[in-house]
Amino acid sequence: MPDTSLQKPQAPPVRVAVDVGGTFTDIVLERDEQRWSAKLLTTPDTPETAVLQGIEELLGVAGLGWPDVSLLILGTTLATNALIERKGARTALLTTAGFRDLVEIGLEDRFAQYDIFLDKPQPLVPRPWRYGVTERVDARGQVLTPLDESQVIALAHELLAERIESVAVCLLHSYAHPAHERRIRELLELHAPGLWVSLSSDVCAEIREYPRLSTVSANAYVQPQVSGYLRRLNDAARARGLRGEPFLMTSGGAIATLQTGVEEPVRLVESGPAGGAILAQHVAEQTGAAHALSFDMGGTTAKICYIDDFEPQISRSFEFGRVHRHLKGSGLPIRIPVIEMVEIGAGGGSIARVNHLGVVQVGPDSAGSLPGPAAYGNGGELPTVTDAHATLGTVTPERFAVGKVSLQPELAQRAIQAHLAEGTGLDAPQAAQAIIDIVTENMANAARVHASELGKAAEEHTLIAFGGAAPLHAAALARKLGIDRVIIPESAGVGSAVGFLWAPIAYQAVRSFHQRLDGIDHAGVQRMLDELSASVDAVVRRAAPDTRLTHKRVVYMRYSGQGHEIAVDLPDGPFDAAASAALNAAFAQRYAQLYGRSLPHVAPEAVSWSVAAQAGGRRARPQDHIATGPGTAARAAGTRVVYDAAQARWIDIPYYERQSLDPEQTLTGPALVVEDETTTYVPSGFLARRSRLGSLVLDDTHAPQRRQADAANKDHAS
């Protein structure tokens, strides 16, 4: 037996997470209980520039090098921005002959039925670049018309002549018979080898032609840009000494491999917001907040996600680029696993203007990182939310963005005066306060609408706020929603990146395979489940080769003749007669839970099947503790002059260094709690303290009186 007494102790793992946002790139480095963070302006043309710069900065501060990094996780809004801003590749679509206009026909519905001036979202692929291919397969996967290969070869040359960069292939019923799509890829690779090719049978092997077509078009549209960025970053990091490949945060809240991002970049569309939801889930579990509302406000957008029983809701699809912000169906669908949330154009860089009605409007467009808000001094002239805070004194110019951006309040005030104050009859502080009030109400309205869509009550939740701008608005947002408690996690300014470090290594695949349970093909279903399991295991094994995998199987079912499905869990084990009988009973029970009754006289059918694999279990969550009682008064680090809208005058308020607060200490508003990454505004009527693990907790002391007044008003009305 070898002598291990003289072996050196294994060095603690060094974990790095990067969230590339529309305005800022946030980076977090963790080793044991130590954490370092950085916030840099995003470099939109070459996103890897800010990423590499920030990582090297943190490694230098921690006294480490690239070879010391054991895990690097990336999340990005690059795909999101390319889709919304329509800055993707020159993309063509190859589909079954006669179906090329389906991208515009959609679902043949109107999201605003009585709006005669209705504008529909423009498809990603213009009509001249959409091509019909001779072939036909039925819904059972039987070939009716063979693929015309000579036509595909001719199209390959035409695509090159049109300078097409990426091709989406979506044939009718390819989920049941993918051979034609795969043959098209082989022919394109042979006759047009420079093209990127996305197959719907790989990206979204599910029924319903329009969502599948929209999803694969989005994948093809962003693939050259996102894949190029990922490969450049991987090459540069490896050249600097990174030993393993980077991993990616997906929209469903899991970590996947770099190759997954290269092949299916559409899975990264909501990766940054997903990291924030994972952080909120983690904080909710730590603090025992069974019902939480995640509020992530950065430089470009605000994201809101409801978390109940410590689990964010997972959806199979979402929309991007909505023509009307709150109208479902006004965007283009993407069918991937995604954490259910609502996202609006409300961030620190959201631009404020006087609209055609003569009132102040904020967003949804953003000043981004270049030129950025007027206060950045980079040439931006239009007023933004950040400019409003700079004018009101609620941000510390020299501490903004960890000192990377030196705010110039005089430029902010000049922009607000020129573009808002003069057009509304307000002075600059009043106009700045109007910006804050409007953007906060926009976020509150989005939270109310999302709650009503999900059948939830916002006031029953704890608000967990993070992102560079969220702590400034969190208390005011909570008060508008009737929420009593706000939690600002530690490292809130880079919260989504912190969430990446808590996400599991996992992957999910879905395939449509229509089966009536009264005549189900047990062997065929078992083969399909085995294939799905092998495909997801292969992805997860690339990231965690030696870790035990756990699986979750879900069947999407309906009664025969219905148009939509519900999810039913399928336990592990062979799919035999006993398993299908148990699935039948589970479906009837779940259907009755949702709709109050089952339909025993109607045959149930399975439409799609899902298998998800996860490496190991979740990391242990240490339990936090929030003290109660009055506590001792915290000592202020100084005072700042801010504008008080209620009194319509400038006042002195104390500010506190967050890291200097102890769990036994309390402070009351109005006050500011400052740190390197963000600032928390504590309004009058809120009591704030730190939890044992460092979260900042704000409790609304006016909540009992407000509830009594609401109850009295209801009694009076009745």
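So, here is what we can say about the structure in this document. (Residues numbered from 1 in each chain as written. Predicted model: local features only at pLDDT ≥ 70, side-chain atom pairs only at ≥ 80, totals over all residues. Heavy atoms only, no water.)

## Thoughts on the overall build of the protein chain
Where we set the bar: Each helix is a run of DSSP H or I of at least 4 residues and each strand a run of E of at least 2, with the numbering of both proceeding from the N terminus. With C-alpha atoms as the basis for the radius of gyration, the globule rule is written as 2.2 Å multiplied by the number of residues raised to the power 0.38. When accessible area is computed with a 1.4 Å probe and restricted to protein chains, residues below 20% of their type maximum are described as buried, those above 50% as exposed, and intermediate ones as partly exposed. Contacts: residue pairs with any heavy atoms within 4.5 Å of one another. Accessibility throughout is a Shrake-Rupley quantity obtained with a 1.4 Å probe, and a residue counts as covered only by protein chains that appear here. Counting rule for charge: Lys and Arg are taken as positive, Asp and Glu as negative, and neither His nor the chain ends is counted. A charge is said to be at NZ when it belongs to Lys, at CZ for Arg, at CG for Asp and at CD for Glu.
Helix and strand counts for the protein chain come out as 17 helices and 36 strands. Relative to the 2.2 N^0.38 estimate, which gives 27 Å for 718 residues, the radius of gyration of the protein chain is 27 Å and therefore close to what a compact globule would have. Principal-axis analysis of the C-alpha atoms gives the protein chain an extent of 80 × 80 × 65 Å. In the protein chain, which comprises 718 residues, the proportion classed as buried is 55%. The long-range fraction of contacts in the protein chain, counting pairs at least 24 apart against all pairs at least 6 apart in sequence, stands at 68%. By element, 51% of the accessible surface of the protein chain is carried by carbon and sulfur atoms, the whole surface being about 30,300 Å². Averaging the positions of the 66 positive and the 82 negative side-chain charges in the protein chain gives two centres separated by 2 Å.

## Section: empty space enclosed by the protein
Just so we agree on the cut-off: Detection works on a 1 Å grid of protein atoms alone, calling trapped sets that fit a 1.4 Å probe cavities and calling open sets with protein on both sides within 12 Å along at least five of seven lines pockets, with lining residues defined by an atom within 4 Å of a point. Grid points are joined across faces, edges and corners, and a volume is the space filled by probe spheres set on the points.
Scanning the entire structure with this criterion turns up 1 cavity of 30 Å³ or more. Approximately 60 Å³ is the volume found for the largest cavity. The wall of the largest cavity is formed by V103, P123, L124, V125, Y210, L213, S214, S217 and L332. Among the elements that make up the lining of the largest cavity, the one with the highest residue count is helix α7 (residues 209-240) (4 residues).

## Overview of the environment of V673
By the element assignment, V673 lies in strand β33 (residues 671-674). Setting aside anything within four residues of it in sequence, one finds V673 in contact with Y656, R658, L661, L667, T678, T679, T680, V682 and L696.

## As for the pairing of strand β2 (residues 24-31)
For clarity, the cut-off: Whether two strands pair comes down to DSSP finding at least two bridges between them.
A large share of β2 lies buried, amounting to 7 of its 8 residues. When strand β1 (residues 14-20) meets β2, the two strands line up antiparallel, connected through 7 bridges. Looking at β2, one finds that R15 is bridged to E30. Turn length for the β1-β2 hairpin, with the two strands adjacent in sequence and antiparallel, is 3 residues. As defined by bridge partners, β2 adjoins strand β3 (residues 34-41) across 8 bridges and the pair is classed as antiparallel.

## A few points about helix α16 (residues 577-595)
Going by this rule: Here, expected helix span is obtained from the residue count minus one, scaled by 1.5 Å. The arc under discussion is defined with respect to the helix axis, by the directions toward the C-beta atoms.
Over its 19 residues, α16 runs 27 Å from end to end, which matches the ideal 27 Å to within 8%, given 1.5 Å per residue. Looking only at α16, the buried set comprises A579, S580, L583, F587 and Y591. All buried residues of α16 project into a common sector of 105° when viewed along the axis, lining one side. Among the exposed residues of α16, those oriented more than 90 degrees off its buried face are A578, Q589 and Q593. On its buried face, α16 sits against α15 (522-543), β26 (549-559), β27 (566-570) and β28 (604-615). G596 occupies a position one or two residues after α16 and carries a positive phi of about 85°.

## Looking at the sheet that holds β3
Short version of the rule: Only C-alpha atoms enter the line fits that serve as axes; for helices the fit covers just the stretch in contact. Angles between N-to-C directions range over 0 to 180 degrees.
Reading across from one edge, β3-β2-β1-β4-β11-β12 is the order of the 6 strands in this open sheet, with mixed pairing throughout. If you trace the sheet from one side to the other, it starts and ends with β3 and β12 (255-257), each paired once. For this sheet, the mean angle separating the axes of adjacent strands, direction not counted, is 25°. Across the face of the sheet, helix α1 (residues 47-62) comes into contact with β1, β2, β3 and β4 (69-76) while running at roughly 35° to β2. Against the sheet, helix α9 (residues 271-287) contacts β1, β4 and β11 (247-249), and its axis sits at roughly 80° relative to β11.

## With respect to the packing of aromatic side chains
For clarity, the threshold we go by: Within 6.5 Å between ring centres, the rings of Phe, Tyr and Trp (the latter by its six-membered ring) count as paired, and their orientation is classed by plane angle as stacked under 30 degrees, edge-to-face over 60, tilted in between. Note on criteria: charge over ring means Lys NZ or Arg CZ within 6 Å of the ring centre, with the direction from the centre no more than 35 degrees off the ring normal.
Going through the model one piece at a time under the given rule, you end up with 7 aromatic pairs. Judged by centre distance (4.8 Å) and plane angle (65°), the ring pair of Y559 and F587 falls under edge-to-face. With a gap of 28 residues between them, Y559 in strand β26 and F587 in helix α16 connect regions that are remote in the sequence. Here Y559 falls in the buried class, since its relative accessible area comes to 3%. The interplanar angle of 70° and the centroid separation of 5.4 Å between the aromatic rings of Y643 and W650 together place this pair among those described as edge-to-face. On the basis of relative accessibility, which here comes to 10%, the residue Y643 falls in the buried class. Relative accessible area serves as the criterion here: at 41%, W650 is assigned to the partly exposed category. A cation over a ring is seen here: K39 above F24, with NZ or CZ 5.1 Å from the ring centre. In this structure, R316 packs its charged tip against the face of Y556, placed 3.7 Å from the ring centre.

## Examining unusual backbone geometry
Residue G363 is joined to P364 through a cis peptide bond whose omega torsion reads 5°. Counting through the fold element by element, P364 comes out in strand β22 (residues 360-366). Cis geometry marks the peptide bond from G669 to P670; its omega dihedral reads 5°. By secondary structure assignment, the location of P670 is in the loop between β32 (665-668) and β33.

## Regarding the nonpolar core
Test applied: Take the buried Ala, Val, Leu, Ile, Met, Phe, Trp, Tyr and Cys residues and link them wherever side-chain atoms come within 4.5 Å; each set so joined is a nonpolar core.
Core analysis: the biggest nonpolar cluster contains 119 residues, and F295, M297, L463, F575, W609 and L698 have the highest contact counts within it. When residues of this core are assigned to their parent elements, the largest contribution, 10 residues, is made by helix α12 (residues 428-454). Formed by 79 residues, the second largest nonpolar core is a distinct cluster that contains V167, Y210, Y221 and V222.

## Looking at α15
An α-helical segment advances 3.6 residues per turn. Residues three or four places apart therefore align on the same side. Relative to the 32 Å expected for 22 residues at 1.5 Å per residue, α15 spans 32 Å between its end C-alpha atoms, a close match to the ideal helical length. Regarding α15, the residues found buried are G524, V525, M528, L529, L532, S533, V536, V539, V540 and A543.

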